[in-house]
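Structure at a glance
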Amino acid sequence: MRIKIAAGNWKMNTTLEEGRRLINAITEGLLNNPSPLSPNELQVVFGVPFITLESAVDMTKEHKQIKIAAQNCCSEEKGAFTGEVSAAMIRSTGAQCVIIGHSERREYFNESHAMLAKKVDVALKNNLIPIFCCGEKLEIRHKNDHFDLVKKQIEESLFHLNPDLFAHVVIAYEPVWAIGTGVTATPQQAQEMHNVIRNFINKRYGNSISNSTTILYGGSVNAGNAGELFSQPDVDGGLIGGASLKADEFLKIIHSF
Ligand code: 13P
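Now for a description of the structure that goes with this document. It should be emphasised that the depicted structure is a prediction, and the values quoted were computed from it without experimental measurement.

What counts as what
- Residues numbered from 1 in each chain as written.
- Predicted model: local features only at pLDDT ≥ 70, side-chain atom pairs only at ≥ 80, totals over all residues.
- Heavy atoms only, no water.
- Buried < 20%, exposed > 50% of the residue type's maximum accessible area, 1.4 Å probe, protein only.
- Helix = DSSP H or I, 4+ residues; strand = E, 2+ residues; numbered from the N terminus.
- Contact = heavy atoms within 4.5 Å.
- Pairing = 2+ DSSP bridges.
- Axes fitted to C-alpha atoms, helices over the stretch in contact; angles between N-to-C directions.
- Salt bridge = Lys/Arg side-chain N within 4 Å of Asp/Glu carboxyl O.
- Parallel < 35°, antiparallel > 145°, perpendicular 65-115°, else oblique.
- Left-handed = near helix turned anticlockwise from the far one by under 90°.
- Nonpolar A, V, L, I, M, F, W, Y, C, P; charged D, E, K, R; others polar.
- Core = buried A, V, L, I, M, F, W, Y, C linked by side-chain atoms within 4.5 Å.

Before going further, it helps to examine helix 2 (residues 53–60). Within the sequence span of helix 2, burial applies to Leu53, Ser55, Ala56, Val57 and Thr60. In this structure, the buried side of helix 2 is in contact with helix 1 (16–32), strand 2 (42–47), strand 3 (66–70) and helix 3 (87–92).

Read around the barrel, 8 strands follow the order 1-2-3-4-5-6-7-8 and close on themselves; strand pairing throughout is parallel. Taken over all neighbouring pairs, the strand axes of this sheet differ in orientation by 25° on average, direction set aside. The pairing of strand 1 (residues 4–9) with strand 8 (residues 237–240) spans 4 bridges and is parallel. By the bridge assignment for strand 8, alanine 7 is matched with leucine 239. Sitting on the sheet, helix 9 (residues 187–205) is in contact with strand 5 (129–134), strand 6 (170–173) and strand 7 (215–218), with an inclination near 150° to strand 7.

All right, on to the pattern of salt bridges then. Overall, the coordinates contain 15 salt bridges when judged by the stated rule. Across the pair lysine 152 and glutamate 156 runs a salt bridge whose closest N-O atoms are separated by 3.5 Å. Taken together, the residues lysine 152 and glutamate 156, both in helix 7 (residues 146–158) and 4 residues apart, mark about one turn of the helix. Because the salt bridges share partners, they merge into one network encompassing Arg2, Arg198, Asp234 and Asp236.

Looking now at the packing of helix 1 against helix 12 (residues 247–254). Their axes nearest at 9 Å, the elements helix 1 and helix 12 cross at an angle of 40°. By the criterion of interaxial angle, the relationship of helix 1 to helix 12 is oblique. For the pair helix 1 and helix 12, the crossing hand works out as right-handed. Contacts between helix 1 and helix 12 involve Leu22, Ala25, Ile26, Gly29 and Leu30 on the former and, on the latter, Ala247, Phe250, Leu251 and Ile254. Residues that form the contact of helix 1 with helix 12 fall into these classes: 8 nonpolar, 1 polar and no charged.

Here we take up the nonpolar core. Ranked by size, the top nonpolar core spans 63 residues in total, and within it Phe46, Ile154, Leu158, Ile171 and Ile197 carry the most contacts. Those residues in contact with isoleucine 171, other than ones at most four positions away along the chain, are Phe132, Cys134, Ile154, Leu158, Phe166, Ile197, Ile201, Thr214, Ile215 and Leu216. Ala69, Cys133, Val170 and Leu239 belong to the second largest nonpolar core, which has 12 residues in total.

In structure tokens, the structure reads:
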């Protein structure tokens with residue numbers, strides 16, 4: 001069966017010291033009260049700022065359930081791109097994953113489908129698991145175009161991959177209207193979209209891959225709503241923003257599987 005994931009996206013929060021404290025608090029909490037699920041069943045991911053990657057890897061290396069993610073990588077491999085961070089650099093810290101195509105990056109940094117396809121390629125080439133984000137704005141949902149939009153996001157940036165490479169990808173459905181708003185998609189809305197995504201993957205890659213692709217839900221997940229969201233048949237966990245910055249809250253979310 002596919003692996004479940006509780007992933008935190010810290011966004012542009014936490015200094016190095018604050019990040020270390022947060023990691024300490026969550027790892028201590030997990031050691032004192034482990035999840036009943038094994039690391040083969042449930043993975044916990046910290047999506048930390050670049051400056052925290054190396055410390056985060058170091059602090060969690062004994063903990064088989066925890067993986068570290070960057071929140072972005074450059075679409076180019078290396079060279080004269082001042083201020084950018086490459087997939088190879090991220091991998092060299094020991095981080096295993098990278099969030100790609102978050103709606104904030106699409107919106108504020110004009111990331112296109114084509115650019116995201118390149119980011120996915122460069123991540124996979126460097127042995128990073130892409131956590132690929134998709135999701136619609138409210139006006140698209142109101143026009144009932146949300147399924148087509150999400151399919152297009154996935155098709156344009158992921159479906160060029162061969163099956164062996166696609167099998168490494170994690171998808172995060174994050175409706176933009178639910179991000180940071182306190183308005184969560186209902187479990188039924190999440191399940192409906194996740195099912196559409198899984199069927200779409202099935203058409204392109206077949207049963208085995210579609211059944212083993214982890215599809216996360218993101219958007220105002222908290223300790224109170226995580227259990228019901230994660231119990232939907234096609235919702236394999238969450239990509240969590242605000243609530244991942246509070247150790248107690250994130251631990252409760254980890255325990256809601
Ligand atoms: P919130 O959980 O703060 O709504 O953020 C979701 C998100 O953007 C995770 O990537």
